[in-house]
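Residue-level structure breakdown
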Amino acid sequence: MRRDMELIRKVLLAVEACISHRLIDGYSQDELRYHQLLLINEGLVDGCFVDDLNHAAEVPTAVMLTRLTWAGHDFIEAIGDETRWGKVKAFLADSEKQITIETVKAAVTLLFGYAKPSRDTEPHAAEIQNLHRADFIYAPNTLCRSCRRIGR
């Protein structure tokens, strides 16, 4: 599956606004879960994802996003506004660069003159425990890739 930065941005905006990020018009559930997984892996959101142990797939069985991380807030602050996002995309297209997290950050710095400091976003054991206490039900024979717990 190919990464879609428009979908990445839409999911981040939904998480920031505390609105449902489970359905986004124009995208399938598989596309949405895959991009939510990318956001967790990149450290832009806190969350948990579950794999079906019976099937190897690049798309997780279920994903739960809990909140933006510090880096996620910084990223969406830089590109949340449609005008700024349009300028960043145009700049990258004119430069013949691919739109990635890193190129977007570099473009924001060049265009708007600042970059937010990054922070270690690795979840601590207590945060992982809180994720499992949330209203997230594991299907039988599923594996949480965040902490390697198997669902009951």
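The structure presented is a predicted model; accordingly, all values stated were derived computationally and were not measured.

1. Overview of helix 1 (residues 5-16)
The end-to-end C-alpha distance of helix 1, which contains 12 residues, comes to 16 Å, matching closely the 16 Å that a straight helix rising 1.5 Å per residue would cover. Of the residues making up helix 1, those classed as buried are Met5, Leu7, Ile8, Arg9, Val11, Leu12, Ala14 and Val15. Looking at the buried positions of helix 1, the neighbouring elements they touch are helix 2 (29-42), strand 1 (45-52), strand 2 (62-68), helix 3 (70-79), helix 4 (82-94) and helix 5 (101-112). The distance from a side-chain oxygen at the start of helix 1 to the backbone nitrogen of glutamate 6 is 2.9 Å, and the residue carrying that oxygen is aspartate 4. Once helix 1 finishes, cysteine 18 follows within two positions and takes phi at roughly 60°, a positive value.

2. Thoughts on the packing of aromatic side chains
On inspection of all chains with the given rule, the structure shows 0 aromatic pairs. It is arginine 84 that lies over the ring of phenylalanine 112; its NZ or CZ is 3.8 Å from the centre.

3. Remarks on the environment of alanine 90
With respect to the helices and strands, alanine 90 occurs in helix 4. Each C-alpha atom of the pair alanine 90 and alanine 107 lies 10.0 Å from the other, and the pair is 17 residues apart in sequence.

4. Observations concerning the side chain of threonine 100
Tracing the chain through its elements places threonine 100 in the loop between helix 4 and helix 5. Threonine 100 gets classed as buried once you look at its relative accessible area, which sits at 17%. For threonine 100, the contacting residues outside a window of four places in its chain are Arg3 and Met5.

5. Describing the pattern of salt bridges
Going through the model one piece at a time under the given rule, you end up with 5 salt bridges. Note that arginine 9 and glutamate 82 form a salt bridge whose closest N and O atoms lie 3.3 Å from each other. With arginine 9 in helix 1 and glutamate 82 in helix 4, the pair connects residues that are 73 residues apart, well separated along the chain.

The rules behind these values
- Residues numbered from 1 in each chain as written.
- Predicted model: local features only at pLDDT ≥ 70, side-chain atom pairs only at ≥ 80, totals over all residues.
- Heavy atoms only, no water.
- Helix = DSSP H or I, 4+ residues; strand = E, 2+ residues; numbered from the N terminus.
- Expected span 1.5 Å × (residues − 1).
- Buried < 20%, exposed > 50% of the residue type's maximum accessible area, 1.4 Å probe, protein only.
- Contact = heavy atoms within 4.5 Å.
- Polar contact = N/O pair within 3.5 Å; in protein donor to acceptor, adjacent residues only side chain to side chain.
- Phe/Tyr/Trp six-rings, centres within 6.5 Å; stacked < 30°, edge-to-face > 60°.
- Lys NZ or Arg CZ within 6 Å of the ring centre and 35° of its normal.
- Salt bridge = Lys/Arg side-chain N within 4 Å of Asp/Glu carboxyl O.

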